[in-house]
Amino acid sequence: MAKDFLCDEYDFYTKSYEEFQNTLENFTKDSEWIPAIVAKQMKASSIDGPIMAQNIAADTGCDFNAVYDTASEGTQIMLSAGGKKYMLGRSAISGLCDTAKISGSALRKLSAYQLSEVINICLTVARGNSLLLHRNGKIRAILSDAIYEVMPMTEVMQSAKKTLSGKMGKAEFVGGYIDHNIAMAEMVFNDRASEVCQAYRSAAYGGSHLYTQNFVPGCTIVTSDTGSSAARCIPVFKTMNGSNVRFCKPIEVVHKHLSQDTCLEKFIRGMNGAYALFQDVETSIGRLAKIWVDNPLNVIVGISKKLLLPKKYAAQAYDELTRILPPSNRCSMDDVYLCMAQIPYFAKCAGAGASKCFELEEQVSKILTLPDLKEFDLPGTVSW
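Residues numbered from 1 in each chain as written. Predicted model: local features only at pLDDT ≥ 70, side-chain atom pairs only at ≥ 80, totals over all residues. Heavy atoms only, no water.

## What about the side chain of K238?
Rules: Numbering of helices and strands runs from the N terminus; a helix is a DSSP stretch of H or I covering at least four residues, while a strand is a stretch of E covering at least two. Only protein chains enter the calculation, and the probe is 1.4 Å; a residue is then buried if its accessible area is under 20% of its type maximum, exposed if over 50%, and partly exposed in between. The term polar contact refers here to a pair of N or O atoms within 3.5 Å; inside protein, the definition further demands a hydrogen-donor-capable atom paired with an acceptor-capable atom, and it admits residues adjacent in sequence only when both atoms are side-chain atoms. Contacts were defined at the residue level, with two residues in contact if any of their heavy atoms lie within 4.5 Å.
With respect to the helices and strands, the residue K238 is situated in strand β11 (residues 231-238). Given a relative accessible area of 11%, K238 falls into the buried group. Here the side chain of K238 touches N244 through a polar contact of 2.6 Å, side chain to side chain. Apart from the residues within four sequence positions on either side, K238 is in contact with V174, E186, V188, N214, F215, V216, S243 and N244.

Written as structure tokens, this is what we have:
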């Protein structure tokens, strides 16, 4: 076990596919799935501090570095389950609270001792069995043993690259990210660029065309072993500066036992249809291109407030659109969307990590599902 892997805040980014795959394999190598843990018999205990780490490691058999990290930088909670004691990683807190059927922002404000007491009271009436993931010295996930189906992250990534290469042409890896919640890989398909750009231009016919519509088709693969994400293949148009423009719902398979095929088999089947999604953008980009707005800058402000986008990044999209607007100040919504799709890029330039940029991309993509975009087209001054 690499010492860095045990830290709750561990994260890793690379543009090398070999480095990404090797790191993911090493990261997941020290993994043990522990089934049939009676939920109501689990118990959380707070750890007083790192000064007791040596004694706790000796008494429990836990790795000293894992104990010290948990006590000093982590959750400060130890979990008793199945007759053993484990350090509790931060990524498992939500699963433990879900098992205890408790939620709310107040939980984040409790001390480790207070949170442990609340969890233990509620666990006494918990039902069913839990599936625990012990990885790199700590419990990283607490899931439903009756429902959750394991999809190894290495297999998801390898299958995605192989499947998409067969349907989309050669897959070029452009970046990968790993932490204790998710693993992400970005791929582009240069062989299909001209076809995809033509499909976009056809869908955007009649729009304002403020942006040069030169894109490369890409897919972001996201998966998790901790319940943080389903296995997802997210088709995107990748712009020249690396921004991802989403235009459809992701291909998504939740980690849930199926009656026939495995989840991985279902995910592979879904990815076989990825290329067809690039050819059918009329319902998304085509819809936006048909919506003209008289006050596009106010639209950015209104949508940013609606979707809770950070002002410091949304304001850069505002400035960008100000720069390229024609004298009439009118444009179509596809260009507003392309401008706002750069918000994760602005965040990246400001130093935000891959996980935060992906979170912003998720928020921006919700523009596609807003039912009435014209409601944001207001005259006058709209304040942030």
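## Quick word on the nonpolar core
Threshold: We call a set of buried Ala, Val, Leu, Ile, Met, Phe, Trp, Tyr and Cys residues a nonpolar core when their side-chain atoms join them within 4.5 Å.
With 82 residues, the main nonpolar core has I221, F237, I303, M333, V336 and M340 as its most contacted residues. Among all residues touching M340, those that are not within four sequence positions of it are I300, I303, S304, L309, A317, V364 and I367. The next biggest cluster of nonpolar side chains, apart from the first, holds 25 residues, and it includes L88, I93, A100 and I119.

## A look at helix α6 (residues 112-123)
The test is simple: The span you would expect from a helix comes to 1.5 Å times its residue count less one. What the arc covers is the set of directions going from the helix axis to the C-beta atoms.
Between its first and last C-alpha, α6 extends 16 Å over 12 residues, near the 16 Å set by a 1.5 Å rise per residue. Within α6, the full set of buried residues consists of A112, L115, S116, I119, N120 and L123. End-on view of α6: buried residues confined to an arc of 130 degrees, all on one side of the axis. Opposite its buried face, α6 presents the exposed residues Y113 and I121, each directed more than 90 degrees away. Elements that come into contact with the buried residues of α6 comprise β3 (43-46), β4 (77-81) and α5 (93-99).

## Digging into the environment of G206
As for its position among the elements, G206 is in the loop between α8 (193-203) and β10 (216-223). The contacts of G206, once residues within four sequence positions are left out, are A289 and W292.

## Focus on the sheet that holds β4
This is how it is decided: Two strands make a pair as long as DSSP finds a minimum of two bridges between them. All axes are obtained by fitting lines to C-alpha atoms, using only the stretch in contact for helices, and the reported angles, taken between N-to-C directions, cover 0 to 180 degrees.
If you walk across this open sheet you meet the 6 strands as β2-β6-β7-β5-β4-β3, and the pairing is mixed. Since the sheet does not close on itself, it has two edges, and those belong to β2 (31-38) and β3, each with one partner. The mean angle between the axes of side-by-side strands here comes to 40 degrees, regardless of whether they run parallel or antiparallel. Where β4 lies against strand β5 (residues 84-88), 4 bridges are found, and the strand directions are antiparallel. Looking at β5, one finds that S80 is bridged to K85. Contacts from helix α4 (residues 64-72) reach β4, β5 and β7 (138-144) within the one sheet, and its direction differs from that of β5 by about 55 degrees.

## Considerations on the packing of helix α7 (residues 153-168) against helix α9 (residues 263-271)
Going by this rule: Here is the rule for angles: anything less than 35 degrees is roughly parallel, anything more than 145 is roughly antiparallel, 65 through 115 is roughly perpendicular, and the remaining ranges are oblique. In this scheme the handedness of a crossing depends on how the near helix is turned from the far one: anticlockwise by less than a right angle means left-handed, clockwise means right-handed. All residues other than Ala, Val, Leu, Ile, Met, Phe, Trp, Tyr, Cys, Pro, Asp, Glu, Lys and Arg, Gly among them, are scored as polar; the first ten of these are nonpolar and the last four charged.
Closest axis-to-axis distance for the α7/α9 pair is 10 Å, and the angle between their directions is 25 degrees. Taken together, the axis directions place α7 and α9 in an arrangement best described as roughly parallel. Regarding α7 and α9, the two cross each other, and that crossing is right-handed. Of the residues in α9, those touching α7 at E155, V156, S159, A160, T163 and L164 are L264, F267, I268 and M271. Classifying every residue of the contact of α7 with α9 gives 7 nonpolar, 2 polar and 1 charged.

## Re the pattern of salt bridges
Condition: By convention in these notes, a salt bridge is any Lys or Arg side-chain nitrogen within 4 Å of a carboxyl oxygen on Asp or Glu.
Going through the model one piece at a time under the given rule, you end up with 18 salt bridges. When the shortest N-O distance is used, the salt bridge between D8 and R140 registers 2.9 Å. Linking D8 in the loop between α1 (3-6) and β1 (11-14) with R140 in strand β7, this pair joins segments that are 132 residues apart in sequence. Both residues of the pair, D8 and R140, count as buried. The partner of E359 in a salt bridge is K356, with the nearest N and O atoms 3.4 Å apart. With a gap of 3 residues between them, E359 and K356 both fall in helix α16 (residues 354-365), about one helical turn apart. Exposure remark for E359: the relative accessible area of 41% places this residue in the partly exposed category. Its relative accessible area of 32% is what places K356 among the partly exposed residues. Put simply, D8, E9, D69, R90, K138 and R140 are held in one network by salt bridges that share partners.

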